[in-house]
Amino acid sequence: AITVTWNTVGAQSVSVNYNNGNGCTAATPAVYNVTVNPLPVPTIAGPASACVSSTGNVYTTQTGMTGYTWNVTGGTITAGATTNAITVTWNTVGAQSVSVNYINGNGCTAATPAVYNVTVNPLPVPTITGPASACVNSTGNVYTTQTGMTGYTWNVTGGTITAGATTNAITVTWNTVGAQSVSVNYNNGNGCTAATPAVYNVTVNPLPVPTIAGPASACVSSTGNVYTTQTGMTGYTWNVTGGTITAGATTNAITVTWNTVGAQSVSVNY
């Protein structure tokens, strides 16, 4: 009995002769033919780049084999572990790999498993900039996120997007008073999308309602008539018909000299 390591693929043989008990030897050795089969060379096909947390990534090798043995670094095999096609969820960012070996129809196994390198990319983290406070009914409020992405998806509560809905910058008209928000998601250069959209909180403030106090009746040519509105504001804009503002035109209190008889008025905004 001998033990043989076969080194060469193809038709090989084992032969033997011996002396029997009578000291005789066969005229020719016995020859036993052996077919030495090549080892299989598994290959793997599938996405070489994936997003972390992505599911449904399928990797395949040759069909019709047995004893499939798959290994994955940085991910989880979710289906097909004993078949020629596995489904993987990638859990860890970075350089990862898929490997496989199997037994072919001749009962041979590759000397080493096939290894397929996969880059697992991080998910993007969108950010939003823009006014965090706005007046109701105000227009032209611009909110921006990262440039150079695709598939921008914006959402606004309490307002209307008036421009840029598929770009990195939107323009919003705020319609509703209160706590509102702007959100965005997109696909980055690796085809990855954030797990959840970025959300940016915006306070939409009500418009002021100015009031005016002062004498509702006055004598023509009278001076020193004082009219007041709310304090602590900016941009006071007063207008008077039939009279002249003699003091306080940019403040919350004006002094008026009435020049013209009849129905006149004082108005203010701020």
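Just above, that's the structure.
Just so it is clear, the model here is predicted, and its values are computed rather than measured. Positions within a chain are numbered from 1, following the residues in the order the chain's sequence is written. The model is predicted, so local features are restricted to residues of pLDDT at least 70 and side-chain atom pairs to those at 80 or more, both for listing and for counting; the totals for chains, interfaces and linings are taken over all residues. Only hydrogens and water are set aside; all other atoms, that is, all heavy atoms of the structure, feed into the side-chain values.

(A) Representation of the environment of Thr28 in the model. Relative to the assigned elements, Thr28 resides in the loop between strand 1 (10-16) and strand 2 (30-36). For Thr28, a relative accessible area of 56% corresponds to the exposed category. Where helices and strands are cited, they refer to DSSP runs of H or I of at least four residues and of E of at least two residues respectively, numbered from the N terminus. Throughout, exposure labels follow a simple rule: accessible area from a 1.4 Å probe, protein chains only, divided by the maximum for the residue type, with under 20% read as buried, over 50% as exposed, and the rest as partly exposed.

(B) Representation of the packing of aromatic side chains. The pairing test for Phe, Tyr and Trp rings, Trp by its six-membered ring, is centres within 6.5 Å, and the orientation test on the planes gives stacked under 30 degrees, edge-to-face over 60, and tilted for anything in between. Scanning all chains against the criterion turns up 8 aromatic pairs. When the ring of Tyr236 is compared with that of Tyr270, the centres are 5.7 Å apart and the planes differ by 65°; the resulting orientation is edge-to-face. Of the two residues, Tyr236 sits in the loop between strand 17 (225-228) and strand 18 (237-241) while Tyr270 sits in the segment after strand 21 (265-269), which places them 34 residues apart along the sequence. We note that Tyr236, like Tyr270, is buried. Here a set of aromatic residues connected by ring pairs shows up, and it is made of Tyr59, Trp90 and Tyr116.

(C) Looking closely at the side chain of Ser138. Following the sequence through the fold, Ser138 ends up in the loop between strand 10 (133-135) and strand 11 (141-144). Relative accessible area serves as the criterion here: at 17%, Ser138 is assigned to the buried category. Two N or O atoms form a polar contact when they lie within 3.5 Å of each other; inside protein one atom must be a possible hydrogen donor and the other a possible acceptor, and for residues adjacent in sequence the pair counts only when both atoms belong to side chains. Polar side-chain contacts of Ser138 include one of 2.6 Å to the backbone oxygen of Cys135.

(D) Just the state of the cysteines, in detail. Any two cysteine sulfur atoms within 2.5 Å of one another count as a disulfide. Under the defined criterion, the tally for this structure stands at 1 disulfide. In this model, Cys51 is linked to Cys192 through a disulfide, with the two sulfur atoms separated by 2.1 Å. Because the torsion about its S-S bond is -100°, the bridge between Cys51 and Cys192 counts as left-handed. A residue pair is termed long-range when its members are at least 10 positions apart, and Cys51 in strand 3 (residues 49-51) and Cys192 in the loop between strand 15 (178-187) and strand 16 (198-205) qualify at 141 residues. Judged by its relative accessible area of 13%, Cys51 is buried. Judged by its relative accessible area of 0%, Cys192 falls in the buried class.

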